[in-house]
Amino acid sequence: MVEITEIIEDQNTQDDVVADVLAEAVAETVAKAEEEEEEDDDEGEAYASDDEDSDYDDFDENETLFERIVALKDIVPPKQRNAVCNAFSTTVNIAKSIFSKGGSLTWTIATSALLLGVPLSLTILAEQQLIEMEKTFDLQSNANDLLGSAPQQPVPSPAAQ
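Criteria and cut-off values
- For every chain, the first residue of the written sequence is number 1, and numbering continues from 1 onward in sequence order.
- With pLDDT at 70 or above as the cut-off, local features in this predicted model cover only qualifying residues; side-chain atom pairs require 80 or more to be listed or tallied, and sums for whole chains, interfaces and linings still use all residues.
- To get the side-chain values, take all heavy atoms of the structure and skip hydrogens and water.
- Working definition: helices are DSSP H or I runs of at least four residues, strands are E runs of at least two. Numbering for both runs from the N terminus.
- Three exposure classes are used, based on accessible area relative to the maximum for each residue type with a 1.4 Å probe and protein chains only: buried under 20%, partly exposed in between, and exposed over 50%.
- Nonpolar side chains (Val, Leu, Ile, Met, Phe, Trp, Tyr) within 5 Å and like charges within 9 Å form the patches, drawn only from residues with over 30% relative accessible area and no salt bridge.
- Every accessible area reported is derived by Shrake-Rupley at a probe size of 1.4 Å, with residue values counting cover from the shown protein chains alone.
- For this analysis, a salt bridge means a side-chain nitrogen from Lys or Arg found within 4 Å of a carboxyl oxygen belonging to Asp or Glu.
- Note: pLDDT gives the predictor's confidence per residue, expressed from 0 to 100.
- His is not counted, nor are the chain ends; Lys and Arg add positive charge and Asp and Glu add negative charge.
- We put the charge of a Lys on NZ, of an Arg on CZ, of an Asp on CG and of a Glu on CD.
- In this analysis, the expected span of each helix is defined as 1.5 Å times one less than the number of residues it contains.
- To get the bend at a residue, fit one axis to the 7 residues ending there and another to the 7 starting there, then take the angle between the axes.

Let's talk about the overall build of the chain
And step 1. For the chain, the helix and strand inventory stands at four helices and zero strands.
And step 2. Considering the chain as a whole, with its 161 residues, one finds that 0% of them fall into the buried category.

Focus on a nonpolar patch on the surface
And step 1. Together, Leu65, Ile69, Leu72 and Ile75 make up a nonpolar patch on the protein surface, roughly 430 Å² of accessible area in all.
And step 2. You can call isoleucine 75 exposed: its relative accessible area is 63%.

Focus on the confidence of the model for the chain
Any segment with low pLDDT has predicted coordinates that should not be analysed in fine detail.
And step 1. Overall, the predicted model of the chain reaches an average pLDDT of 78, with 70% of residues at or above 70.
And step 2. When the elements of the chain are averaged for pLDDT, helix α2 (residues 45-58) gives the smallest value, 54, and helix α4 (residues 78-148) the largest, 92.

Quick look at a negative patch on the surface
And step 1. Judged by side-chain charge, Glu34, Glu35, Glu36, Glu37 and Glu38 come together as a negatively charged surface patch.
And step 2. Examined against the element boundaries, glutamate 34 turns out to sit in helix α1 (residues 14-43).

Describing α4
And step 1. The end-to-end C-alpha separation of α4 is 103 Å, in line with the 105 Å expected for 71 residues at 1.5 Å each.
And step 2. A maximum bend of about 25° is found in α4 at glycine 117, where proline proline 119 lies one to four positions downstream.

This is how it looks when you write it as structure tokens:
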């Protein structure tokens, strides 16, 4: 049977010392931050209520993305808006031009391939069929020559015996 016993170390290890030092430093930092908040709250208590109300008045939960973009009109200067608009328009026009010219080029290549490639492939196919027919006729004529040139042995007649 196995017996489990707990081993307790009496000496502080290096990790425990570091953890204690860090805990003390965090506690001091939190205490200082709380003191500063209390001082700030005491000084600006009159202004805090006005700031909080105005922040919540400007926020609309039902505001759409389009409304937010339209609101940027007031933030972005007209010069920058025109620059962005011109850059976007130029990009759109270049994309349209590329797709238009690319489509025309694709159409030209496809129709040229069909007009030149299909008759060429049909001609090549007909030529291959003609070659195959010639090979077949040559084999037949060779077979006929072999059969025709075979020596004929006279069949013995019954009277000759």
